[in-house]
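# Observations on the model geometry
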Amino acid sequence: MKPTLLLLAAGMGSRYGGLKQLDGLGPNGETIMDYSIYDAVKAGFGKIVFVIRKDFEQDFKEKILSKYEGHVPAELCFQSLDALPEGFTCPEGRVKPWGTNHAVLMAKDIIREPFCVINCDDFYNRDAFMVIGKFLADLPEGSTGKYAMVGFRVGNTLSDNGTVARGICSKDADEHLTTVVERTEIMRVDGKVCYKDENGQWVAVEDNTPVSMNMWGFTPDYFTYSEEYFKQFLSDPANMTNPKAEFFIPLMVNKLINDGTATVTVLDTTSKWFGVTYAADRQSVVDKIQNLINEGVYPEKLF
């Protein structure tokens, strides 16, 4: 069974401004996710599913979905603040989305096969899709609790124009993920890669430390675990009263690892990540894409 690609596209891109998911960076207006989808199809993925906000459905269909007709099946699902389990209501005044794992949950009625989750505004490069596509395609039918994450080297994932958020990872001798901690401020300080800890202190890490770029491989049982844990998350008064509390993928993954419910294999890749975190990153991304086209990695026009 061919795996599915689940693209998280419901964020506004607050640091960049505007709907950066729809920003044309290729020579014919291609978006970053166009390149991800092109790479995924090359890597054997058979379907794509987008998580978006309902209010830009029409714009999305016209600018994005129409391109893929005849190339790969595509579906939409929607993330909203009030998409909560029965018995829970959105706190008054909450405007921030519930986080990446809540976005993943929106696809639970659509995806029935192994799937890869990615961000729409990250350029992962083809080898990353080949690596995780093979992992998912090689899973025995009916597999549960055997997940994967593509690990990128933190030094290859930074922006020259400000801090970035990354999941700092640790793994055991079997290449299984042991912890992933979301660090929302990472940058170079005096030449060293550092993250800001809970006390506001900068902590240095090695350049080759594996980080999560939200490129995960799951099987459908992941939805069931997520649904149950999301109820626990919402039952915590601290999360319901904190307007910025989010149900991150690493939060769910850490629980499954600690409970012994699942293993997450950290997959190595030769890919170097790049993306548009800030508006000032844009031209650099345009130039890097053009260089890849010049090298013959991508055609001048994708779809």
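So, here is what we can say about the structure in this document. (Residues numbered from 1 in each chain as written. Predicted model: local features only at pLDDT ≥ 70, side-chain atom pairs only at ≥ 80, totals over all residues. Heavy atoms only, no water.)

Considering the arrangement of structural elements, one finds Lys 47 in strand β2 (residues 47-52). With a relative accessible area of 15%, Lys 47 lands in the buried category. Not counting residues within four places of it along the chain, the set of residues in contact with Lys 47 comprises Pro 3, Thr 4, Leu 5, Val 72, Pro 73, Glu 75, Ile 110 and Glu 113. (Helix = DSSP H or I, 4+ residues; strand = E, 2+ residues; numbered from the N terminus. Buried < 20%, exposed > 50% of the residue type's maximum accessible area, 1.4 Å probe, protein only. Contact = heavy atoms within 4.5 Å.)

What follows concerns the pattern of salt bridges. Applying the stated criterion across every chain yields a total of 17 salt bridges. We note a salt bridge from Lys 47 to Glu 75, for which the minimum N-O separation is 3.8 Å. Here Lys 47, found in strand β2, pairs with Glu 75, found in strand β3 (residues 74-78); they are 28 residues apart in sequence, far enough to count as distant. Judged by relative accessible area, Glu 75 falls into the partly exposed class, the value being 33%. Between Asp 109 and Lys 108 there is a salt bridge, with its nearest N and O atoms 3.6 Å apart. Judged by relative accessible area, Lys 108 falls into the partly exposed class, the value being 29%. Residues joined by salt bridges that share partners form a network here, namely Lys 47, Glu 75 and Glu 113. (Salt bridge = Lys/Arg side-chain N within 4 Å of Asp/Glu carboxyl O.)

The buried count for strand β6 (residues 146-153) comes to 6 of 8 residues, which makes it a mostly enclosed element. Note: β6 against strand β12 (residues 263-267), 5 bridges, orientation parallel. Each bridged residue has a counterpart across the sheet, and for Val 150 the counterpart in β12 is Leu 267. (Pairing = 2+ DSSP bridges.)

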